[in-house]
Amino acid sequence: FLAIFFVEMVLKVAGLGPWGYFSDSFNSFDFLIVMMSGAEVFLLPEDAGPEGLSALRTFRLLRIVKLVRRFKSIQRVLKVVTTSLPSIACFCCVLFIVAFTLALL
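The rules behind the values
- Residues numbered from 1 in each chain as written.
- Predicted model: local features only at pLDDT ≥ 70, side-chain atom pairs only at ≥ 80, totals over all residues.
- Heavy atoms only, no water.
- Helix = DSSP H or I, 4+ residues; strand = E, 2+ residues; numbered from the N terminus.
- Buried < 20%, exposed > 50% of the residue type's maximum accessible area, 1.4 Å probe, protein only.
- Contact = heavy atoms within 4.5 Å.
- Areas by Shrake-Rupley, 256 points an atom, 1.4 Å probe, with all protein chains shown as cover.
- pLDDT = per-residue confidence, 0-100.
- Phe/Tyr/Trp six-rings, centres within 6.5 Å; stacked < 30°, edge-to-face > 60°.
- Salt bridge = Lys/Arg side-chain N within 4 Å of Asp/Glu carboxyl O.
- Expected span 1.5 Å × (residues − 1).
- Bend = angle between axes of the 7 residues up to and from the residue.
- Patch = residues over 30% accessible without salt bridge, like charges linked within 9 Å, V, L, I, M, F, W, Y side chains within 5 Å.

Observations regarding the overall build of the protein chain
Assigned secondary structure in the protein chain consists of four helices and zero strands. Reading the secondary structure of the protein chain in the N-to-C direction produces α-α-α-α. Sorting the 105 residues of the protein chain into buried and exposed places 14% on the buried side. Look at the contacts in the protein chain between residues 6 or more apart in sequence, and 51% of them connect residues 24 or more apart. Summed over its atoms, the accessible surface of the protein chain is roughly 8,300 Å², and 78% of this surface lies on carbon and sulfur atoms.

Given below as structure tokens:
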């Protein structure tokens, strides 16, 4: 996946120009993540443990924020999910009680 993100970054820099690319904070964030991931892949030996730069992999999940910011339909879905979480929690508690009761029988 690193190659795909690198190609995306290069195409964006070529299309927007360096100033246009780095004016967006998410593009700067993507650049940082791609460069750090590239450093991790090419500079660290393969037998290195999970310590080091691999902790930066979790920051890749923040790329999802870009999708949520741009698509209103995803924002609506997330709003519905967050409003239904308390009901789902109550349902899970009832389901646990029923399963526990049936396990005792």
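On we go from here.
Re the confidence of the model for the protein chain
Averaged over every residue, the pLDDT of the protein chain is 82; residues scoring 70 or more account for 80%. Within the protein chain, helix α4 (residues 72-104) carries the highest mean pLDDT (91), whereas helix α3 (residues 64-70) carries the lowest (73).

Some thoughts on the packing of aromatic side chains
The full count for this structure, using the stated rule, is three aromatic pairs. Centroid distance Phe-22 to Phe-31: 5.1 Å. Interplanar angle 85°. Geometry classified as edge-to-face. Look at Phe-22 and you get partly exposed, because its relative accessible area is 38%. With centroids separated by 6.1 Å and ring planes inclined at 25°, the aromatic side chains of Phe-96 and Phe-100 adopt a geometry described as stacked. One end of the pair is Phe-96 and the other is Phe-100, both in helix α4 and four residues apart, which spans about a single turn. Aromatic ring contacts, followed pair by pair, group Tyr-21, Phe-22 and Phe-31 into a single cluster.

Topic: the pattern of salt bridges
The full count for this structure, using the stated rule, is one salt bridge. In this structure, Lys-12 engages Glu-8 in a salt bridge whose closest nitrogen and oxygen atoms are separated by 3.8 Å. With Lys-12 and Glu-8 both in helix α1 (residues 2-23) and four residues apart, this pair spans about one turn of that helix. A relative accessible area of 27% places Glu-8 in the partly exposed class.

Examining α1
Taking 1.5 Å per residue, 22 residues should reach 32 Å; α1 reaches only 23 Å between its end C-alpha atoms and comes up short. By the largest-angle criterion, Gly-17 marks the main kink of α1, which is about 115°, and a proline, Pro-18, follows within four residues. Within the span of α1, buried status applies to Met-9, Gly-17 and Tyr-21. Buried-residue contacts for α1 involve α2 (25-43).

Some remarks on a nonpolar patch on the surface
Together, Phe-6, Val-7, Val-10, Leu-11, Phe-22, Phe-31 and Met-35 make up an exposed nonpolar region whose accessible area comes to about 600 Å². For the nonpolar patch, the secondary-structure elements that each account for two or more residues are α1 and α2. With five residues, α1 is the largest single contributor of residues to the nonpolar patch. Turning to its location among the elements, Val-7 is positioned in helix α1. Assessed through its relative accessible area of 45%, Val-7 is described here as partly exposed.

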